Amino acid sequence: MEISQPTSILSQSSSTINTTSIHASMEHLQTTIRDMEAFDAAHADVIQMLLATPSPHAMKRYYNQLASEGIGPWLKVQYIGQTMGKGVFAAKDFDEGEVVLREPKLVGIQNAHSKEDSLVCSFCFCYVGSLELQLRWKLFARGHLRPIRGTNLQGDSQGTDNQCLEQHARVESDGDERICDPPSSVSTSCLGTEICNYKCRSDESEEQSAKRRALSFESFSWISDDALRLPFGDVFPLPHIVECRGGCHEDLFCSEACAEAAWEAYHCLLCTGSKSLCPNKSLLSEFKQFADETNDIFHLAAQVIANVICKCRKLESVATEVKSEEDAKARNTRMLLEAWEPFAMGHKRLWWESIALPEDVDPAEEDVFRNQMKELAANSLGLLKKVLFMEEYAALFSLEVYGYIIGMFELNNLEIVVASPVEDYFIYIDELPHDAKCEAKKITKPALEALGEDYASYCQGTGFFAIQSCMNHSCEPNAKAFKRDEDRDGQAVLLAIRKIEEGEEVDVTISYIDEHLPLEERQLMLADYGFACQCSKCLQDREASLN
C-alpha cells in the first residue's frame, strides 16, 4: 500500500446538524419556548449587560492582557467600525511562512466520531498512551478487535498506564456472528484484545468483508500479545495517560497539569465521576447524550457556562462580605460580567438565525427549519439548566444568551486538527532502507492493510480562540491556519502566506471558504457568515463581470 505524506491543516468549522436525530429528540423533550422567554424577560437587565458590545477601551485592555501573557504578542486587535467590527493588525513585519499566531483554545471539544478513532488529552488534544495502544484503538474502532477483561491493552512495559483505560464495546448476538461497535468513552480498568468476527460494512462487498475477516484471523494474533512492541515504535513516544480527577469514564489527560487545568476551568462541573461537583450527574449524562445525537456545539456551550461559573466561584472566594441582599446581587452581577469577559469579546448572532440552511432543506421551508433549530437549542438548554442552574447566575441560562453563545461558535469556530502518530509511524516505516523496511513490514503490513486509507485518520475537534476569532475574511488572505510537523496539540497555528508589514492597514486575514471559487459562489457561501465580502479580489471580480 502506498503511503502518502501527511497534510494536517486547520480550517474554519461550522456545526453539523444531525437532522435524523432531531425529530426523535423533539418527541422526548418538549421544552416550552414561551416559558423560557418569560424567564429571559425576568432577567432582562443582566442579559442586556452580558450581550452588550464591549467598549473599545475594554477590548484594548483585554487583548493587551493576552499579549502580556504571550498570546499573540506581535498582533494588535483593534476596533475598526460597526460594519467590520474588530480586526487583527501586525505589530511587526512577518515573513512568508513565519508563524503569525500560536494560540490555545478558550473552549474546545474532540468530535464524537474522532473519539472512536483517536485517544487524545481532553484538554490539549495531544495523543496519549502508546503507539501500540493507538493502533489497537483504530483496529478496534473498525471491528477487527474486541476487548478482553484482565489483560493489558496498552502493551506498556512500565505498567503505569495499565489501570487507566477500558474500552467499552456493545457486543450483540446475531446468529453466529457478533457485531462490535467502537467505544465512545473510557474508564479505569484495563482490557486486552482478541480477534473479532463481524458483519460486512454497508460500504463493502461480502468478498471484501471476507478478506478483512481472513486478515484478522490469520494475521492479527500478534496484536493481542501484551508484550508486543512495534519495530521502531520508540521513535514515537507518547505521554502516559492521566485519569480525570473526578473519576469519570469520558476524559483522559496527558499530564497532571492538563488534568488540573481542565478541572479548574470547567470539568469539575461537567464530570460524571464520583468526585464531580456537578449538582445533577444523572441528568448531565442525558444532556451529553442529547448533544452527541444532535450537535456537538452544545458541548461547547456547556463548557462556556461551566467556565464562567467556575470563575465566579473563584472571585467569590476572595470577595469581601456584603451586608444587604441588594449589595450581594450587585456584587454577583459584577463577578458574572468579569468572568464572562472573554466570551463577551466574540462576535455573536443568534444561532437559529445564523446557521446555514442545509442543502436538503427547501428554501420555502426556511422559517420552519429555523424554528426547529430554536426549539432544539431550547431543549438542550432545558437539560443543561436541570444540571447546572444556580440562581445567582440565572442570566447565563437564558435562551437568548444560550442562542448567542452557540451562534458565536457557529460563526467563529476553528476546526482542531492533530496529526496521528500512527500515520507518522507508517510513513516512517515506508521510508526506511529496504532491508529494515521489509523486516518491519512483516509486523506492520497486516495492520496497515486492515486499516486501509484510515491509517491516516487524525484527531478532529472544534475550538473557539480569542484572537483567531477576531480575524476577518479576505478572498486574498495573507495568513492561513496550518499545522506544522512540530505542532502536536490543539492550539491554533497561523502562518503568513506572504510578507505582512508592520502596521499594514489590511488586517491579518484568513479565508473562511475556498477563495478559488467563482465570485458568485464565494458570496453565496459568505452570506452564511452575515456579510458581503468587499476584499480587493471580490471588487476586481465584480468590475470584470461588468465589462
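Above this text sits the structure in question.
Worth saying up front: this structure is predicted, and the values here are computed from it rather than measured.

Cut-off values and rules
- Residues numbered from 1 in each chain as written.
- Predicted model: local features only at pLDDT ≥ 70, side-chain atom pairs only at ≥ 80, totals over all residues.
- Heavy atoms only, no water.
- Helix = DSSP H or I, 4+ residues; strand = E, 2+ residues; numbered from the N terminus.
- Buried < 20%, exposed > 50% of the residue type's maximum accessible area, 1.4 Å probe, protein only.
- Areas by Shrake-Rupley, 256 points an atom, 1.4 Å probe, with all protein chains shown as cover.
- Pairing = 2+ DSSP bridges.
- Axes fitted to C-alpha atoms, helices over the stretch in contact; angles between N-to-C directions.
- Contact = heavy atoms within 4.5 Å.
- Parallel < 35°, antiparallel > 145°, perpendicular 65-115°, else oblique.
- Left-handed = near helix turned anticlockwise from the far one by under 90°.
- Nonpolar A, V, L, I, M, F, W, Y, C, P; charged D, E, K, R; others polar.
- Phe/Tyr/Trp six-rings, centres within 6.5 Å; stacked < 30°, edge-to-face > 60°.
- 1 Å grid on protein atoms, 1.4 Å probe; cavity = no way out; pocket = protein on both sides within 12 Å on 5 of 7 lines; lining within 4 Å.
- Points joined across faces, edges and corners; volume = space filled by probe spheres on them.

Points about the overall build of the protein chain
The helix and strand inventory of the protein chain stands at 18 helices and 14 strands. Across the 547 residues that make up the protein chain, the buried fraction comes to 54%. When the accessible surface of the protein chain is summed, it comes to about 25500 Å², and 49% of that surface belongs to carbon and sulfur atoms.

What to know about the sheet that holds strand β12 (residues 459–464)
Strand-to-strand pairing in sheets goes through backbone hydrogen bonds, with the strands running parallel or antiparallel. With antiparallel pairing, the three strands of this open sheet are ordered in space as β4-β12-β11. Bordering the open sheet on either side are β4 (107–110) and β11 (414–418), each of which pairs with just one other strand. Taking the axes of each pair of neighbouring strands and ignoring which way they run, one obtains an average angle of 30° across the sheet. Where β11 meets β12, five bridges bridge the pair, whose relative direction is antiparallel. Directly across from E415, in β12, lies its bridge partner T462. Where helix α10 (residues 297–318) meets the sheet, it contacts β4 and β12, and its direction lies at approximately 145° from that of β4.

Structural notes on unusual backbone geometry
Notably, F125 is not glycine yet its phi reads approximately 75°, a positive angle. One can find F125 in the loop between α5 (112–115) and α6 (131–141). Of the residues examined, F125 reaches a relative accessible area of 2% and is grouped as buried. Non-glycine residue F232 carries a positive phi angle of around 65°. Along the polypeptide, F232 turns up in the loop between α7 (206–219) and β9 (242–243). Owing to a relative accessible area of 34%, F232 belongs among the partly exposed residues under this scheme.

So, the packing of helix α3 (residues 44–51) against helix α14 (residues 399–412)
Following both chains from N to C, one finds α3 and α14 inclined at 15°, their axes separated by 10 Å at the closest point. Viewed along their axes, α3 and α14 adopt a mutual orientation that is roughly parallel. As for the relative orientation of α3 and α14, their crossing is left-handed in sense. Packed against α3, whose contacting residues are I47, L50 and L51, the element α14 presents E400, V401 and Y404 at the interface. Of the residues assigned to the contact of α3 with α14, the class counts are five nonpolar, no polar and one charged.

With respect to the sheet that holds strand β3 (residues 99–103)
Judged by pairing direction, the sheet is antiparallel, and its three strands sit side by side in the order β3-β14-β13 without closing on themselves. Of all strands in the sheet, those with a lone pairing partner are β3 and β13 (479–481), marking the two edges. For this sheet, the mean angle separating the axes of adjacent strands, direction not counted, is 15°. Taken together, the three bridges between β13 and strand β14 (residues 492–496) define a ladder with antiparallel strand orientation. Looking at β14, one finds that A479 is bridged to A496.

Describing the environment of V46
Its place among the elements puts V46 in helix α3. Accessibility expressed as a relative area gives 11% for V46, which makes it buried. Once the C-alpha coordinates of V46 and L336 are considered, the two residues, 290 residues apart in sequence, prove to be 9.3 Å apart. For V46, the contacting residues outside a window of four places in its chain are T333, L336 and A395.

Here we look at the packing of aromatic side chains
Using the criterion set out here, one finds 13 aromatic pairs in the structure. With 5.0 Å between their ring centres and 75° between their planes, Y62 and Y63 make a pair best called edge-to-face. For the pair formed by Y62 and Y63, the shared burial category is buried. Through pairs of rings, three or more aromatic residues link up here, namely F232, F236, Y425, F426, Y428 and Y455.

Concerning the layout of surface pockets
Of the voids in this model, the second largest pocket is the one considered here, and its volume is about 830 Å³. Lining the second largest pocket are 33 residues; nearest its centre among them are E69, K105, L106, K311 and P342. Looking at the lining of the second largest pocket, its residues break down into 19 nonpolar, four polar and ten charged.

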